[in-house]
Amino acid sequence: MRWMDFLAVEAVRPNLRAHDGESLLAELSELLAPGADVPREMLAGALCARERLGTTAMEGGVAIPHCRVEGVRRIVTCVGLHRGGLAFGEPEDGLVRIFVGVVAPPDTAGLHLNVLSRIAALLHAPPLRDALLATLTASEAHALLARAETALHPHPVEPPRRASLRG
């Protein structure tokens with residue numbers, strides 16, 4: 001399992017236009033909706049509700065708004081870069097510039113947490129964050145993240161297989 005398994009190039013936006021938290025979550029929902037196959041309004045509402053529980057902003061100018069939504073059949077992620085930075089939640093060190101949206105089906109708690117963990121681990125590295133913010137296109141940003149994930153996790157982690165009842 002790799003984060004890139006859940007991130008389409010079309011779900012990467014190198015220039016977010018949002019001016020506040022609500023418009024940011026709406027913009028991420030636009031990116032997530034096609035892959036999640038649910039209305040963007042539903043996603044925006046779920047992301048807003050989750051964000052009210054506690055900020056998903058973390059150190060380094062990164063936030064990972066995420067939620068689980070009924071009707072979503074698989075985990076979908078998106079990436080948005082806000083060049084000027086945005087006051088979002090209560091980041092520890094200023095404005096947030098890198099946003100990763102995640103939506104998952106309700107019954108994938110373990111996998112959902114695994115994906116969140118992989119994203120956080122990858123974006124913990126300041127050189128990667130700087131390189132990501134220097135990308136100009138969605139395909140360039142996607143390729144950079146794919147290379148970085150492969151370097152950090154050279155061998156994909158397979159989910160455990162269920163034992164067969166037949167010998």
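Structure report, in brief. Computed from a prediction, not measured in an experiment: that's the story for all the values here.

Conventions we followed
Residues numbered from 1 in each chain as written. Predicted model: local features only at pLDDT ≥ 70, side-chain atom pairs only at ≥ 80, totals over all residues. Heavy atoms only, no water. Helix = DSSP H or I, 4+ residues; strand = E, 2+ residues; numbered from the N terminus. Buried < 20%, exposed > 50% of the residue type's maximum accessible area, 1.4 Å probe, protein only. Salt bridge = Lys/Arg side-chain N within 4 Å of Asp/Glu carboxyl O. Arc of directions from axis to C-beta. Contact = heavy atoms within 4.5 Å. Expected span 1.5 Å × (residues − 1). Core = buried A, V, L, I, M, F, W, Y, C linked by side-chain atoms within 4.5 Å. Pairing = 2+ DSSP bridges.

**Some thoughts on the environment of alanine 104**
In step 1: With respect to the helices and strands, alanine 104 occurs in strand β6 (residues 96-104).
In step 2: On the basis of relative accessible area, alanine 104 is assigned to the buried category, the value being 0%.
In step 3: Separated by 30 residues in sequence, alanine 104 and arginine 74 have C-alpha atoms that sit 6.0 Å apart.

**Structural notes on the pattern of salt bridges**
In step 1: In total, this model carries 6 salt bridges according to the counting rule given.
In step 2: In this structure, glutamate 27 engages arginine 13 in a salt bridge whose closest nitrogen and oxygen atoms are separated by 3.1 Å. On the criterion of sequence distance, the pair formed by glutamate 27 in helix α1 (residues 21-36) and arginine 13 in strand β1 (residues 7-13) is long-range, its members being 14 residues apart.

**Comments concerning helix α4 (residues 126-134)**
In step 1: Among all positions in α4, only Leu128, Arg129 and Leu132 are buried. Along the long axis of α4, the arc covered by the buried residues comes to 100°, so they all point the same way. Exposed side chains of α4 directed beyond 90 degrees from the buried face belong to Pro127, Asp130 and Ala134.
In step 2: Packing partners of the buried residues in α4 comprise β3 (62-63), β5 (76-86), β6, α3 (109-122) and α5 (138-152).

**Here's the deal with helix α2 (residues 40-53)**
In step 1: Given a rise of 1.5 Å per residue, 14 residues ought to cover 20 Å, and the 20 Å separating the end C-alpha atoms of α2 matches this to within 8%.
In step 2: When α2 is considered as a whole, its buried residues turn out to be Leu43, Ala44, Leu47, Cys48 and Glu51. Angular distribution of buried residues about the axis of α2 spans 135°; they occupy a single face of the element. In α2, those exposed residues whose orientation departs by more than 90 degrees from the buried face are Glu41, Arg52 and Leu53.
In step 3: Buried positions along α2 lie against α1, β2 (57-58), β4 (66-68) and β6.

**Section: the nonpolar core**
In step 1: Core analysis: the largest hydrophobic core is formed by 53 residues, its most contacted members being Trp3, Leu24, Phe99, Val103, Leu123 and Leu145.
In step 2: Leaving out residues up to four positions away in the same chain, leucine 123 has contacts with Val62, Ile98, Val100, Leu128, Arg129, Leu132 and Leu145.

**Considering the pairing of β6**
In step 1: The buried fraction of β6 is high, at 8 of 9 residues.
In step 2: In this structure, β3 lies alongside β6, joined through 2 bridges in parallel fashion. Opposite valine 62, over in β6, you have isoleucine 98 as the bridge partner.
In step 3: Where β4 meets β6, 3 bridges bridge the pair, whose relative direction is parallel. In the sheet register, arginine 68 faces β6, and the bridge partner there is alanine 104.
In step 4: Relative to β6, β5 runs antiparallel, the two being bridged by 7 bridges. Its bridge partner being in β6, valine 76 is matched across the sheet by valine 103.

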